[in-house]
Amino acid sequence: MGALQSSPGRPEYSDLAEKTGFSFEQIGVLHKRFKQLSHNEETLRRDNFNEINDLALNPIRTQIIEAFFDRRNFHQNGEGKVQEIGFEEFVVVMSHFRPPSAHMTEEQRGKTRREKLRFLFNMHDTDNDGIITLEEYRHVVEELLSRSGTLEKETAKCIADAAMLEVASISVGHMEPDEFYEGITFEHFLKLLERFEIESKMTIRFLNMDTTTLCK
């Protein structure tokens, strides 16, 4: 895998910094977390993530863990799952949870938003068929609303239910009688989430490290 042998902060890490947007200092922090999680091994396995208390209470814990082992999230146009990951893959996946920099251009911000939404879509498209179900879409909306900090969990759930029913009525209403509704494609997913500000909500905590701080 992409286990990196040199010490983070060295010029050898310029490619990784450019690919992810993290500074050398931030990569150094991530390297320490990686070593803690892996018990100083060169790779991480799924069971290493079971030690993270903050993830234990997350309603989409399984999807988050699987995202780290999904080749689609390595910026390499890959497919399928792997059994273990090196430090490079760990940092690349972590970059999806990094808030956008205040210095980004509108074009860069738009690209970052699309990448985050693709990552979020992949998390729920577990069979990699390019489609997520209405129920999976409901989970996405509920999770995003819950992270807003202004809504109670039950309120977020009710709004998510309504959003799912709205999509169902619109989608099925435009179908022919003999058509079968297969689900939501990524392009449809982009349009559905146009009104959601997701950039600052896709954050995660690892061993007391908050990804909202990992921004230049």
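Reference entry: report on the structure contained in this document.

Conventions and cut-offs
Residues numbered from 1 in each chain as written. Predicted model: local features only at pLDDT ≥ 70, side-chain atom pairs only at ≥ 80, totals over all residues. Heavy atoms only, no water. Helix = DSSP H or I, 4+ residues; strand = E, 2+ residues; numbered from the N terminus. Contact = heavy atoms within 4.5 Å. Core = buried A, V, L, I, M, F, W, Y, C linked by side-chain atoms within 4.5 Å. Buried < 20%, exposed > 50% of the residue type's maximum accessible area, 1.4 Å probe, protein only.

Most peptide bonds are trans, and most residues other than glycine sit at a negative phi. Positive phi, close to 60°, is recorded for His 39, a residue that is not glycine. Along the chain, His 39 falls in the loop between helix H2 (24-38) and strand E1 (44-45). One non-glycine residue, Asn 128, lies in the positive phi region at around 55°. Position of Asn 128 relative to the elements: it lies in the loop between helix H7 (106-124) and helix H8 (134-146).

The next point concerns the environment of Gly 183. For Gly 183, the position within the fold is in the loop between helix H9 (153-173) and helix H10 (186-192). Residues Gly 183 and Glu 135, 48 residues apart in the sequence, show an inter-C-alpha distance of 9.6 Å. Aside from chain neighbours lying at most four places away, what touches Gly 183 is Ile 131 and Ile 132.

As a further point, take the nonpolar core. Ranked by size, the top nonpolar core spans 45 residues in total, and within it Phe 68, Phe 90 and Phe 189 carry the most contacts. Elements with a minimum of two residues in this core: helix H1 (14-20), H2, helix H5 (61-67), helix H6 (87-95), H7, H8 and H10. Per element, the largest residue contribution to this core is six residues, and it comes from H6. Once you skip the residues sitting within four places of it in the chain, Phe 90 turns out to touch Leu 30, Phe 34, Leu 37, Leu 44, Phe 68 and Ile 85.

Structurally, the position occupied by Gln 63 is in helix H5. Residue Gln 63 is classed as partly exposed on the basis of its relative accessible area of 22%. Distance from Gln 63 to His 124, taken between C-alpha atoms, is 7.0 Å for residues 61 residues apart in sequence. Gln 63 has contacts with Met 123 and His 124, leaving out every residue within four places of it along the chain.

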